[in-house]
Amino acid sequence: MFKKSIVFVLVIMSILTAFPASAGGSIASMQKKQREIENQIIEIRKKAEELKGQQKSVQQEIDALDGEIRALSLEVDKYELQKEEINMKIAESEQQIEQLIQDIDENNTILEKRLRVMYKNGTAGYMEVILNSENLVEALTRMDMIKLIVQSDVELLKSINEQKAQVEGIKEQQEIERLELTAVINNLNAKQNEITVASRSKEIYMTSLQKDIKEMERQQAAMDEQSKQIERDILAAQRAVEYVGGEFIWPLPGYTTITSNFGGRADPITGAWSSHGGTDIRAPYGVPILAANSGEVIFSGWHYSYGNYVIVDHGGGIATLYAHASKLLVSKGDTVLRGDPVALVGSTGYSTGNHLHLEVRVNGVRKDAMSYYTKKQ
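Bear in mind the structure is a predicted one, so any value in this text is a computation, not a measurement.

Looking now at the pattern of salt bridges. In the structure shown here, the tally under the stated rule is two salt bridges. Arg 361 is the salt-bridge partner of Glu 359, the closest N and O atoms lying 2.8 Å from each other. On the accessibility criterion, Glu 359 (1% relative accessible area) is buried. According to the relative accessible area criterion, Arg 361 is buried, its value standing at 4%. A salt bridge links Arg 366 to Glu 359; the nearest nitrogen and oxygen atoms lie 3.5 Å apart. Its relative accessible area of 25% is what places Arg 366 among the partly exposed residues. When salt bridges that share partners are traced, they join Glu 359, Arg 361 and Arg 366 into one network.

Here the focus is the nonpolar core. Core analysis: the biggest nonpolar cluster contains 25 residues, and Leu 252, Ile 289, Tyr 322 and Val 342 have the highest contact counts within it. Contributions of two or more residues to this core are made by β7 (307-313), β8 (318-325), β11 (341-344) and β12 (355-362). Aside from chain neighbours lying at most four places away, what touches Val 342 is Ile 289, Ala 291, Val 310, Tyr 322, Leu 328, Leu 329, Val 330 and Val 336. One finds Val 76, Tyr 79, Val 184 and Ala 198 within the second-largest nonpolar core, a separate group that totals twelve residues.

Pairing is antiparallel in the open sheet, where three strands are placed in the order β5-β11-β9. At either margin of the open sheet sits one strand with a lone partner, and together these are β5 (288-290) and β9 (327-328). Summarising the sheet, β9 and β11 pair through two bridges and their orientation is antiparallel. In the strand pairing of β11, Lys 327 is matched with Leu 344.

About the criteria used
- Residues numbered from 1 in each chain as written.
- Predicted model: local features only at pLDDT ≥ 70, side-chain atom pairs only at ≥ 80, totals over all residues.
- Heavy atoms only, no water.
- Salt bridge = Lys/Arg side-chain N within 4 Å of Asp/Glu carboxyl O.
- Buried < 20%, exposed > 50% of the residue type's maximum accessible area, 1.4 Å probe, protein only.
- Core = buried A, V, L, I, M, F, W, Y, C linked by side-chain atoms within 4.5 Å.
- Helix = DSSP H or I, 4+ residues; strand = E, 2+ residues; numbered from the N terminus.
- Contact = heavy atoms within 4.5 Å.
- Pairing = 2+ DSSP bridges.

Next comes the structure, spelled out in structure tokens:
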């Protein structure tokens, strides 16, 4: 991509050095130079189209990166949610462990007290309980109670052991949860690194793309100015005769809708703010374009921006220009009268639809064509 851009710039620089901004000489020699520049402009426009194709390709890659970043962001959100769930599980486990430890401590305290009493009293203590009974039934009842107490002691010990085992199991599960959490966090960090790399790649693409586009626009503008300068030189070298006189007639009788006035406007194709050097009048394809006044045709041909266009010199340094024609009806050197057809409406060159681009030039300088009309016919 960038090698082509370098070649593109070198071609333009060679053209700029080949044709100085101030062109002199006869109209024929200047027209020859203009044709040479316009041929080069056509070639540059082809290269510009290639660059736009590369731009489209790069944009597709950027869009793909955007999609990848969005997908990674969704994954990050998913891992964050999993991390929160694991943290909640760990918190619950810690609460359970704390409660079990508390239960174990309480059970240990009860058991220690019971064992301490049994140790102090021993077997004699149990015999004393039986002998002090008033009758056999009471003695048997007391023996049953002793058995229940002993059985309770055994159950308590068993419960304590089960609780210890449960605590150990929870601890093991907690370690597993912690390992899972660590794995999730590591995976999350890796995904975040991927996002960073993808974002950086996008920035590099955008920077290089913007530089190429700006360079293309700058060089294209330079070439446009070269062509326009020669046009101005041609018009400045018009016939040294007086103005033919009379008012201009409307070049498109019956069609008076102006779609773009003289002066600043938003470019209809790029949208960029630019200076519009003429007046655009909407009309159907093939409608005859009439000469605004009598004079001599000093140019009839093609321009990459104007498309098919005609310039009529009316003397006194005043000329009219009719652009974007579908067909030219006059040739250079022809004499035309006010109202003679010089071309047919079209949409050639840099155009978005059928219309006439009308210019009035005085000594090569563009003027607002509408200032030369008191009414539209």
